[in-house]
Amino acid sequence: MAPQGSRAELEFGGPLGAAALMLLLPATMFHLLLVARSGPARLLGPPPYLPELEELWSPWALLLCLTWLGLQAGLYLLPARKVAEGQELKDKSRLRYPINGNPIYDFFLGRELNPRICSFDFKYFCELRPGLIGWVLINLALLMQEAELRGSPSLAMWLVNAFQLLYVGDALWHEEAVLTTMDIIHDGFGFMLAFGDLAWVPFTYSLQAQFLLYHPEPLGLPLASVICLINAVGYYIFRGANSQKNTFRKNPSDPRVADLETISTATGRRLLVSGWWGMVRHPNYLGDLIMALAWSLPCGVSHLLPYFYLLYFTALLVHREARDEQQCLQKYGLAWHAYCQRVPYRIVPYIY
Ligand code: NDP
């Protein structure tokens, strides 16, 4: 792998793109939170009002955040836990140290791949615990606030809470699978992951519940059942695809995957070309997107705002898929071309 920060490899539009994203992401997050509380809830309009600086600062909020992080860090450090092994390092290769990195780009993507103090791995800790569990807690708080406000939580609020709880519960249940994701293997721990995991995920992923609190949406049982079905289909594809690849990567002769067709690569690792990974090249993204649709539908179709997650997530996954393809092409060369010929669609069969 070429050193991170070498000019040929700059991602996210290089330093300029990184600088723009570091301004745009926090600004978008504040915009969404302000808009979700306003009557018209216009995704594309100007924010309804700009809060005073004092409104943005509260020592109690800071204390709450630090306590939450401290609690999660304490739980993370508990000795009663299984220790999983990460990806194998190539011992024969030399370590490379990029000297002329761009400070903005490096701050955004992170220079250090696995920053640690003793066994406390900052990136791994932030990936799942404070932000993902925080998202569920914010959702739950909004559900309780709705119950206080209107006597009981709405069906739409129940669905959004249940779907997202399933998603987070699944991520925690399959915690070990995070070790094979791009975030852990490829991306450094910079602004992108720190802000993404700790702020963007809990506050923008809970946007549907925030929207429902301020804009109640009547939802009948028949439509609710259809939405549940859509979420179930999405989850089935998402879980099926992720588990199939993880099982295969852990032990290719596991009976659950041993019969699947594969092609060999020069690295010795094989690529699945049947099963979920024979349908499209990123079936897990397809399932994730179908679930994203199911999370927005309970909010009705009168506003674009609750569909923000679906739109943003489509852009994120299309970009992520392109990055992953680039990395796989570098890793597997001709074998990757053969896989692309065999499985021509990236995320959505016959469409993309
Ligand atoms: P993936 O789990 O999609 O992993 C990609 C890697 O899988 C490739 O680099 C390659 O690595 C391996 N691979 C690709 N094709 C094959 C094949 N045919 N056979 C065997 N191995 C193959 O990566 P992500 O980290 O992007 O996604 C993980 C999950 O997280 C997804 O379900 C995604 O939807 C979800 N996600 C959710 C986000 C959110 O905000 N909610 C954000 C980002 C991701 P190798 O060959 O080295 O094993």
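Residues numbered from 1 in each chain as written. Predicted model: local features only at pLDDT ≥ 70, side-chain atom pairs only at ≥ 80, totals over all residues. Heavy atoms only, no water.

Here we look at the overall build of the protein chain
Inference 1: Each helix and strand counted, the protein chain has 13 helices and 4 strands in total.
Inference 2: Taking 20 Å as the expected radius of gyration for a compact globule of 352 residues, we find that the protein chain reaches 21 Å, a close match to that expectation.
Inference 3: Taken along its principal axes, the extent of the C-alpha atoms in the protein chain is 60 × 50 × 45 Å.
Inference 4: A buried classification covers 44% of the 352 residues belonging to the protein chain.
Inference 5: A sequence separation of at least 24 residues applies to 78% of the contacts in the protein chain between residues at least 6 apart.
Inference 6: Counting 27 positive and 28 negative side-chain charges, the protein chain places the centres of these two groups 7 Å from one another. (Helix = DSSP H or I, 4+ residues; strand = E, 2+ residues; numbered from the N terminus. Rg over C-alpha atoms; globule rule 2.2 N^0.38 Å. Buried < 20%, exposed > 50% of the residue type's maximum accessible area, 1.4 Å probe, protein only. Contact = heavy atoms within 4.5 Å. Lys, Arg positive; Asp, Glu negative; His and termini not counted. Charge placed at Lys NZ, Arg CZ, Asp CG, Glu CD.)

Considerations on the site of the ligand
Inference 1: Not every one of the 26 residues close to the ligand is listed here, only the nearest: Y205, Y285, D288, R320 and Y332.
Inference 2: The separation between a nitrogen atom of the ligand and a polar main-chain atom of L272 is 2.9 Å.
Inference 3: Within the side chain of Y332, an N or O atom sits 2.4 Å from an oxygen atom of the ligand.
Inference 4: Burial of the ligand by the protein amounts to 88% of the accessible area it has alone, namely 920 Å².
Inference 5: Elements that contribute at least two residues to the shell around the ligand include exactly α10 (221–250), β4 (270–272), α11 (283–296), α12 (308–332) and α13 (334–342).
Inference 6: No other element matches α12, which puts 8 residues into the shell around the ligand.
Inference 7: Residue composition of the shell around the ligand, grouped by class: 15 nonpolar, 4 polar and 7 charged. (Near = heavy atom within 4 Å. Polar contact = N/O pair within 3.5 Å; in protein donor to acceptor, adjacent residues only side chain to side chain. Areas by Shrake-Rupley, 256 points an atom, 1.4 Å probe, with all protein chains shown as cover. Nonpolar A, V, L, I, M, F, W, Y, C, P; charged D, E, K, R; others polar.)

Quick look at a nonpolar patch on the surface
Inference 1: Among the surface-exposed residues, V318, Y350, I351 and Y352 lie close enough to one another that they form a single nonpolar patch of about 460 Å² accessible area.
Inference 2: Checked against the element boundaries, V318 lands in helix α12. (Patch = residues over 30% accessible without salt bridge, like charges linked within 9 Å, V, L, I, M, F, W, Y side chains within 5 Å. Salt bridge = Lys/Arg side-chain N within 4 Å of Asp/Glu carboxyl O.)

Some points on the confidence of the model for the protein chain
Inference 1: Per-residue pLDDT for the protein chain has a mean of 88; in total, 92% of the residues score no lower than 70.
Inference 2: Across the protein chain, α11 holds the top mean pLDDT of 96, while helix α7 (residues 182–185) sits lowest at 81.
Inference 3: Contacts of residues 1–7 to residues separated by more than four positions or lying in other chains number 15 contacts, the stretch itself having pLDDT below 50. (pLDDT = per-residue confidence, 0-100.)

Let's talk about the side chain of D121
Inference 1: Mapped onto the elements of the fold, D121 is located in strand β2 (residues 120–121).
Inference 2: Other than its neighbours up to four places away in sequence, D121 contacts Y76, N114, P115 and R116.

Observations regarding the pattern of salt bridges
Pairing is possible between side chains that carry opposite charge, provided their charged atoms lie close to one another.
Inference 1: Enumeration over the complete set of coordinates arrives at 12 salt bridges.
Inference 2: As a salt-bridge pair, D183 and R320 come within 3.0 Å of each other at their nearest N and O atoms. Of this pair, D183 sits in helix α7 while R320 sits in helix α12, and the two are 137 residues apart along the sequence. For the pair D183 and R320, a shared accessibility class is recorded, and that class is buried.
Inference 3: With a shortest N-O distance of 3.0 Å, E261 and R342 are connected by a salt bridge. Residue E261 is located in the loop between α10 and β3 (262–264), and its partner R342 is located in helix α13; the two are separated by 81 residues in the primary sequence.
Inference 4: Relative accessible area serves as the criterion here: at 43%, R342 is assigned to the partly exposed category.
Inference 5: The network of salt bridges with shared partners includes E11, D187 and R323.

Quick notes on the packing of aromatic side chains
How two aromatic rings sit relative to each other is set out by the distance from centre to centre and by the angle between their planes.
Inference 1: Under the definition given, this model contains 27 aromatic pairs.
Inference 2: Each ring, one from F107 and one from F191, has its centre 6.3 Å from the other, and the planes form 40°; the classification is tilted. On the criterion of sequence distance, the pair formed by F107 in helix α4 (residues 103–109) and F191 in helix α8 (residues 191–204) is long-range, its members being 84 residues apart.
Inference 3: When the centroid spacing of 6.2 Å and the interplanar angle of 50° are considered together, the rings of Y309 and Y312 count as tilted. (Phe/Tyr/Trp six-rings, centres within 6.5 Å; stacked < 30°, edge-to-face > 60°.)

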